[in-house]
Amino acid sequence: MALRLLEFSVPDDEAHGIASALEEQRIHHLWTASTDSEFTAIRVLLDAEEVEAVTDALADRLGHRDECRMVLLPVEATVPRIEEPEDQQTEDEAAGNETEEEARALRISREELYEDLSSGTRLTVSYGVMVALSTVVAAVGLVRNDVAIIIGAMVIAPLLGPNIALSFASTLGDTALARRALTTLAAGFAIAAAVSVVLGIVLEVDPASPEIAARTSATFGNIALALAAGAAGSLAFTTGVPAVLVGVMVAVALLPPLTTAGLLAGEGQWYASFGALLLLVTNIAAINLAAMATFFAQRIRPRAWWEAERAKKARRVTVAAWAVTLAVLAALIALGRVGEV
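Residues numbered from 1 in each chain as written. Predicted model: local features only at pLDDT ≥ 70, side-chain atom pairs only at ≥ 80, totals over all residues. Heavy atoms only, no water.

Q: Give me the environment of valine 44: which residues, what numbers.
A: Mapped onto the fold, valine 44 is located in strand β3 (residues 39–47). Among the residues examined, valine 44 registers a relative accessible area of 0% and is labelled buried. Once the C-alpha coordinates of valine 44 and leucine 5 are considered, the two residues, 39 residues apart in sequence, prove to be 5.6 Å apart. (Helix = DSSP H or I, 4+ residues; strand = E, 2+ residues; numbered from the N terminus. Buried < 20%, exposed > 50% of the residue type's maximum accessible area, 1.4 Å probe, protein only.)

Q: Just give me the short version of the pattern of salt bridges, but keep the residues and values in it.
A: Oppositely charged side chains are able to pair whenever their charged atoms sit close together. Within this structure, the stated rule accounts for seven salt bridges. The closest approach of N and O atoms between arginine 43 and glutamate 7, which form a salt bridge, is 3.0 Å. Linking arginine 43 in strand β3 with glutamate 7 in strand β1 (residues 3–11), this pair joins segments that are 36 residues apart in sequence. Overall, arginine 43 belongs to the partly exposed group, its relative accessible area being 42%. Linking aspartate 56 and arginine 110 is a salt bridge whose minimum nitrogen-to-oxygen distance equals 3.1 Å. Here the residue aspartate 56 occupies a position in helix α2 (residues 51–62), and arginine 110 occupies one in helix α5 (residues 110–118), the gap between them amounting to 54 residues. Take arginine 110: its relative accessible area is 8%, and that puts it in the buried class. (Salt bridge = Lys/Arg side-chain N within 4 Å of Asp/Glu carboxyl O.)

Q: Could you give an account of the packing of aromatic side chains, naming the residues involved and the relevant values?
A: Across all of its chains, the model carries two aromatic pairs by this definition. Judged by centre distance (5.5 Å) and plane angle (75°), the rings of phenylalanine 168 and phenylalanine 295 are edge-to-face. With phenylalanine 168 in helix α8 (residues 160–172) and phenylalanine 295 in helix α14 (residues 270–297), the pair connects residues that are 127 residues apart, well separated along the chain. Of the two residues examined, phenylalanine 168 and phenylalanine 295, each falls in the buried class. Among the aromatic residues, those joined into a cluster by ring pairs are Tyr114, Phe168 and Phe295. The ring of phenylalanine 296 has arginine 301 sitting right over it, with the charged end atom 4.3 Å from the ring centre. (Phe/Tyr/Trp six-rings, centres within 6.5 Å; stacked < 30°, edge-to-face > 60°. Lys NZ or Arg CZ within 6 Å of the ring centre and 35° of its normal.)

Q: Lay out the nonpolar core in plain terms, naming residues and giving numbers.
A: Within the largest apolar cluster, 43 residues are counted, with the highest numbers of intra-cluster contacts made by Leu113, Leu117, Leu159, Ile164, Phe168, Phe295 and Trp322. Elements with a contribution of two residues or more to this core: α5, α6 (125–144), α8, α9 (175–202), α11 (220–238), α13 (255–267), α14 and α15 (305–334). Ranked by residue count, the leading element in this core is α14, at ten residues. Grouped together as the second largest cluster of nonpolar side chains are 15 residues, Leu6, Ile42, Leu58 and Cys68 included. (Core = buried A, V, L, I, M, F, W, Y, C linked by side-chain atoms within 4.5 Å.)

Q: Explain the sheet that holds β3 to me, using residue names and the numbers behind them.
A: With respect to topology, four strands assemble into an open sheet ordered β2-β3-β1-β4, the strand pairing being antiparallel. One side of each edge strand has no neighbouring strand; the edge strands of this open sheet are β2 (29–34) and β4 (71–75). Averaged over all pairs of adjacent strands, the angle between their axes in this sheet comes to 20°, without regard to strand direction. Sitting on the sheet, helix α1 (residues 12–23) touches β1, β2 and β3, and the angle it makes with β1 is about 150°. The strands touched by α2 within the sheet are β1, β3 and β4, with β1 carrying the most contacts at an inclination of about 10°. (Pairing = 2+ DSSP bridges. Axes fitted to C-alpha atoms, helices over the stretch in contact; angles between N-to-C directions. Contact = heavy atoms within 4.5 Å.)

Q: With reference to specific residues and values, describe unusual backbone geometry.
A: The peptide bond linking valine 79 to proline 80 adopts the cis configuration, its omega dihedral lying at 0°. Tracing the backbone shows proline 80 in the loop between β4 and α3 (88–95). The backbone of asparagine 145 sits at a positive phi, close to 60°, despite the residue not being glycine. Mapped onto the elements, asparagine 145 comes out in the loop between α6 and α7 (147–156). Accessibility expressed as a relative area gives 33% for asparagine 145, which makes it partly exposed.

None of this, on its own, says anything about what the molecule does.
Shown next as structure tokens:
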């Protein structure tokens, strides 16, 4: 059971009412302390999955005043330990009054998820260097037909985060986050493509090499794998278990097909390069579609109703675009036109 510590300050005349309202929420402990500036500091210890309900209630009451800014901190441990009541689930089910919020899958709060995903959309020099280095590693592994090296490149490459962030932004209708995610993705893909093309010119690339040939065509199995990996990646973020992402990065390959396309383009194998590029697009479309479906199933919504309307429109357009893209690719696979050499 993950715990969080929520801290914020409120004017003294509002502290009692807010503290009383918080006592009605599902929290473990609440502390208040007066300050020297006519404000009361409030600390709340609660489960991670309850943070969103509490912060939404506080935001509705406090608005967006800077002096009432909320800070959320992870809690490693408490002494004495907080034990979850064994009969809690039975009592809730017997009461028969579960709301939609109480019935949603356990996940971290919307705000915490936003910070985690937003950090992966920052376009920095380190990001560009990391993409370039992972492309070199992937290219060496592909040319040498070494699976271990290719897996290492999958783990290094920071391409999955911006994809999941794009899906999250589309779910919330957050155009600013979507724009940052698209910019970071475009830069990452451009760097990887440029590096791989140069390496394709310099290195001897054998299109018949098993690891290269395996990435010059797409199958329905690739679509199923990318859909599963996209759902797993979004779940890894929403449940606050980033260690799972290592397996997701290995399961769905974004960098190897892109590197394969660049290597083959540098070698002059244009048709095979196009097949690898289509495999990359298949993976991207499936990942984003599955991630959006997972976010929607977990009831991740904007807080305000006017934001929800905007998010609904953005979600429809984005889902339609990815679904059409995936349908076209599936049709090409069915016709046997992808990656024929």
